[in-house]
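Structural features, examined
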Amino acid sequence: MNVFHRYTEHVCQAVETLVRAGAIATRPDLARIVVEPPREASHGDLATNAAMALAKDAGMKPRDLAEKIAAELSKRPDVVKADIAGPGFINLTLDPAVWREALSDAIRAGADYGRSALGANKPVNVEYVSANPTGPMHVGHCRGAVFGDALANLLAFAGHKVTREYYINDAGAQVDALARSAFLRYREALGENIGPIPEGLYPGEYITDTGTEISARYGNKLRNQIEAEWLPVVRDTAIANEMARIRSDLAALDIKHDVFFSERSLIEGPVDRVGATIDWLRQQGHVYEGRLPPPKSGAVEDWEDREQTLFRATAFGDDVDRPLKKSDGSYTYFASDIAYHKSKFDRGFRDMIDVWGADHGGYIKRMKAAVRAVSGGEADLDVKIVQLVKLMRAGVEVKMSKRSGEFVTLRDVVEEVGRDAVRFMMLYRKNDAVLDFDMAKVIEQSKDNPVFYVQYGHARGHSVFRNAAEVVSGLPQDARARADMLSRVPLGRLDDSAELALMRKVALFPRIVEAAAQAHEPHRVAFYLYELASEFHAQWTRGNAAPHLRFIIQDDPELTLARLALVQGVVTVFASGLGLLGVGAPEEMR
RNA sequence: GACCCCGUAGCUCAGCUGGAUAGAGCAUCAGCCUUCUAAGCUGAGGGUCGCAGGUUCGAAUCCUGCCGGGGUCGCCA
């Protein structure tokens, strides 16, 4: 159990004791109690808002209540001091042994340090990427991919049973356009001059592969067929090829999925699950035939007022009811998506997270409404929007144009700057804020580059281990053996204030993991790691001017061992935290 | 016109779901290398948290209304 949980319990116990003794008249609700690091280090080790949070329930003034709780907490042998400050904060100064023990615990836990049971093994479905299989992934897809992947890592680490899912949009007009584009390339492969690719089709060169493949497999056979005959054949091959390309792009970024879910399978499987879902909703009274007011955008020329099949989204918080069928009788994208989310519910997910690009923001309300409807209010959908990425090179924006097919692919970026830089920088920003991604800056080996700065912290720790072998003769080479040894060394000599601060920072990691998982915000881990790196580098450099603060003290193996334990704790957190982000933790910078 | 995001130091951004004197990096200025890698560190200056109300012991954080920037509003996905 982490330090913060433990002291939250101690505070609760103190309050319970006071209630039993009659010092507090009414039993307050303890859930609001927070134990956190104080704003300023000078305030002590931990701070709690307990007195302020409970004052109202207890019918007491915050500071009066604080006095009593503080007095109770002072009785603990590990509490050196319990001060009251400001409006009623209780600041605890702890015996440093608490932090030393926390450090030993961290080392002992190793790769599992920070792992939490918060999720109670509850299933959660995280859907991310879900790019159309109509072409290579471009940088725009990158952020959602990395975000979703890191969020899934984080939730798993925080004790959820995570399923990572990709929804393949392999039905609808876009993949038909892909098929037509591939058919042109097929004719081209057979020697025909196809001229320019018509408007509405995909001009990308990449489709020639599929054209060549089809010509090799079918020869002239498809050429004289009518579209209804060749289209499904060409489409299947084209989609398979594009999905293979996407999977390979994802692999380059180390993005993983457990389930690739085909939209087409919902419609063309053994049963029409979209139709079944609509029928089911109709039985529940959530689908009806009706008319809609025209769109407000004013840009719709072919608007046609007609009676159509509508989902009663307004009953679940949306602004208007939403169509489920197009005029040609086929399902709208939304209809499929409802069936898809119903499938998630039927597969046992009560917690769903969808990661979407900023351009889909207007779709959130209706999807949440749909999930409410198909789950009878039992399931919760959180939609995380990742904002645009502005691609830069040395401060100059890299312009991309969809029309000319001139866009920077995900693969280009990964090849230019590396997986680690892409992943870290995509996470070094809140998901709903626009992100500038400078390809020149992220490969810079300097403190201005957060990726490097954090990785260097990890490498620097290992550099200490390499150098320490001369002073500590018995220091094991093997990482596990070393950690095992360091988890047992006496830490009493770690008494420098900066060393204690580092120990506190290490002890904070589990709390960061839980908060980030709860908020669905992996960027918090990235920022935390940056702060940890900052403190670690600072402590290192202090050793320049003050040699007695160096990690390795030539004639003092005992002190050296204690400090190596501190380094081990820091390194453990770097490795663990970077692992959550899917960023490598190198032992040497080259 | 409606809905969604954003607005915090000159710049780029955090701010732990309502707590203390609002933080970090860059930039500026003043310092630190015969070292456990200076690929780094220390210190200083710099803010009416877009504006105006409200909720309460307490608001950058929650509510309402404005202002500015971006996105979306199609039988595209």
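Bear in mind the structure is a predicted one, so any value in this text is a computation, not a measurement. (Residues numbered from 1 in each chain as written. Chains lettered and ligands numbered in written order. Predicted model: local features only at pLDDT ≥ 70, side-chain atom pairs only at ≥ 80, totals over all residues. Heavy atoms only, no water.)

1. Let's talk about the overall build of chain A
Put simply, the test is: Secondary structure elements follow DSSP: runs of H or I of four or more residues count as helices, runs of E of two or more count as strands, with numbering from the N terminus. Here, two residues are considered to be in contact whenever any of their heavy atoms come within 4.5 Å of each other. Methods summary: accessible areas were calculated by the Shrake-Rupley approach with a probe of 1.4 Å, and residue burial reflects only the protein chains presented. In this tally, Lys and Arg are treated as positive and Asp and Glu as negative; His is ignored, and so are the chain termini. We put the charge of a Lys on NZ, of an Arg on CZ, of an Asp on CG and of a Glu on CD.
The secondary structure content of chain A amounts to 19 helices and 15 strands. Referenced to the eigenvectors of the C-alpha coordinate spread, the extents of chain A come out at roughly 85 × 65 × 40 Å. Put simply, of all contacts in chain A between residues at least 6 apart along the chain, 72% involve residues at least 24 apart. Roughly 26,800 Å² of accessible area belongs to chain A as shown, and the carbon and sulfur atoms make up 49% of that amount. Across chain A, the mean location of the 74 positive side-chain charges is 3 Å away from that of the 82 negative side-chain charges.

2. Points about the environment of A238
Keep this limit in mind: The classification of residues rests on relative accessible area computed with a 1.4 Å probe and restricted to protein chains. Under 20% of the type maximum is buried, over 50% is exposed, and intermediate values are partly exposed.
As for its position among the elements, A238 is in helix 8 (residues 227–252). Judged by relative accessible area, A238 falls into the buried class, the value being 1%. When neighbours within four sequence positions are excluded, A238 is seen to be in contact with L178, A182 and T210.

3. Focus: the sheet that holds strand 4 (residues 89–94)
The strands that make up a sheet are held in pairs by hydrogen bonds between backbone atoms, and each pair lies either parallel or antiparallel. Rule in force here: Two strands pair if DSSP finds at least two bridges between them.
Spatial ordering of the open sheet is given by 1-2-4-3, a layout of four strands whose pairing is antiparallel. Two strands close off the open sheet at either side, each with one partner strand: strand 1 (35–36) and strand 3 (79–85). Of the strand pairs in this sheet, strand 2 (residues 46–48) and strand 4 are connected by three bridges, and their pairing is antiparallel. Across the sheet, residue A47 finds its bridge partner in strand 4, namely N91.

4. Some thoughts on the nonpolar core
Applied cut-off: As used here, the term nonpolar core means buried Ala, Val, Leu, Ile, Met, Phe, Trp, Tyr and Cys residues forming a set that is joined through side-chain atoms within 4.5 Å.
Residues I69, F424 and F437 are the most contacted members of the largest nonpolar core, which totals 152 residues. If we ignore the near neighbours within four places in the chain, the residues touching F437 are V389, K390, L391, M392, V413, V417, A421, V422, M425, M426 and V442. Counting 32 residues, the second-largest nonpolar core is a separate cluster that includes Y167, V374, A379 and V383.

5. Details of the domain arrangement of chain A
Put simply, the rule is: Domain limits in this description derive from either an automatic procedure or a database domain assignment.
What the domain assignment lists for chain A is domain 1 (3–94), domain 2 (173–245), domain 3 (389–443) and domain 4 (445–581). Centre-to-centre separation of domain 2 and domain 4, based on C-alpha positions: 56 Å.

6. Brief notes about the pattern of salt bridges
Threshold: Put simply, a salt bridge is a Lys or Arg side-chain nitrogen that is within 4 Å of an Asp or Glu carboxyl oxygen.
For the structure on display, the rule yields 38 salt bridges. Between E558 and R493 there is a salt bridge, with the nearest N and O atoms lying 3.1 Å from each other. Here the residue E558 occupies a position in helix 19 (residues 557–581), and R493 occupies one in the loop between helix 16 (479–486) and helix 17 (497–519), the gap between them amounting to 65 residues. E521 is the partner of R524 in a salt bridge, and the nearest nitrogen-oxygen pair spans 2.8 Å. By relative accessible area, which is 33% here, R524 ends up partly exposed. Linked by salt bridges that have partners in common, D149, R164, K256 and R423 make up one network.

7. Points about helix 1 (residues 3–20)
Residue pairs three or four apart in sequence face the same way in an α-helix, which turns once every 3.6 residues. Using the following cut-off: Expected span of a helix, by definition, is 1.5 Å for each gap between consecutive residues, and there is one gap fewer than residues. Any pair of nitrogen or oxygen atoms within 3.5 Å is treated as a polar contact; in protein, a donor-acceptor pairing is required on top of that, and neighbouring residues in sequence qualify only through side-chain atoms on both sides.
Spanning 18 residues, helix 1 covers 26 Å between terminal C-alpha atoms, matching the ideal 26 Å at 1.5 Å per step. Those residues of helix 1 that sit buried are V3, F4, Y7, T8, H10, V11, C12, A14, V15, L18 and V19. In this structure N2 caps helix 1, since a side-chain oxygen of it lies 2.8 Å from the backbone nitrogen of F4. A positive backbone phi angle near 85° is found at G22, which sits one or two residues after helix 1.

8. Points about the packing of helix 4 (residues 97–109) against helix 19
Spelled out, the test is: An axis is simply a line fitted to the C-alpha atoms; with a helix, the fit covers only the stretch in contact. Between two such axes, the angle follows the N-to-C directions and lies from 0 to 180 degrees. Each angle is binned into one of four classes, with values under 35 degrees roughly parallel, values over 145 roughly antiparallel, values of 65 to 115 roughly perpendicular, and all other values oblique. The hand of a helix crossing depends on one turn: near helix anticlockwise from the far one by less than a right angle means left-handed, and clockwise means right-handed. For this scheme, ten residues count as nonpolar: Ala, Val, Leu, Ile, Met, Phe, Trp, Tyr, Cys and Pro. Four count as charged, namely Asp, Glu, Lys and Arg, and the remainder, Gly too, count as polar.
Two elements in contact, helix 4 and helix 19, have axes whose closest approach is 9 Å; the angle formed by their N-to-C orientations is 55°. In terms of axis orientation, helix 4 runs oblique to helix 19. In terms of crossing hand, the pair formed by helix 4 and helix 19 is left-handed. Note on element contacts: helix 19 touches helix 4 through A565, L566, Q568, G569 and T572, opposite L103, A106 and I107. When grouped by side-chain class, the residues that make up the contact of helix 4 with helix 19 number five nonpolar, three polar and no charged.

9. Things to note about the confidence of the model for chain A
The criterion, for reference: Known as pLDDT, the predictor's per-residue confidence is scaled from 0 to 100.
Averaged over chain A, the pLDDT score is 91; the fraction of residues at 70 or greater is 97%. Here the predicted complex carries an ipTM of 0.94, next to a pTM of 0.96.

10. A word on helix 17
So the rule is basically this: Given a residue, its bend is the angle between the two axes fitted to the seven residues that end at it and to the seven that start from it.
For helix 17, built from 23 residues, the straight-helix expectation of 33 Å at 1.5 Å per residue is met to within 8% by its first-to-last C-alpha distance of 32 Å. In the structure, helix 17 departs most strongly from a straight axis at F509, where the bend amounts to approximately 30° and where the proline P510 lies between one and four residues downstream. With a side-chain oxygen lying 3.0 Å from the backbone nitrogen of A498, the N-terminal cap of helix 17 falls on D496. Positive backbone phi, at 55°, marks H520, one or two positions downstream of helix 17.

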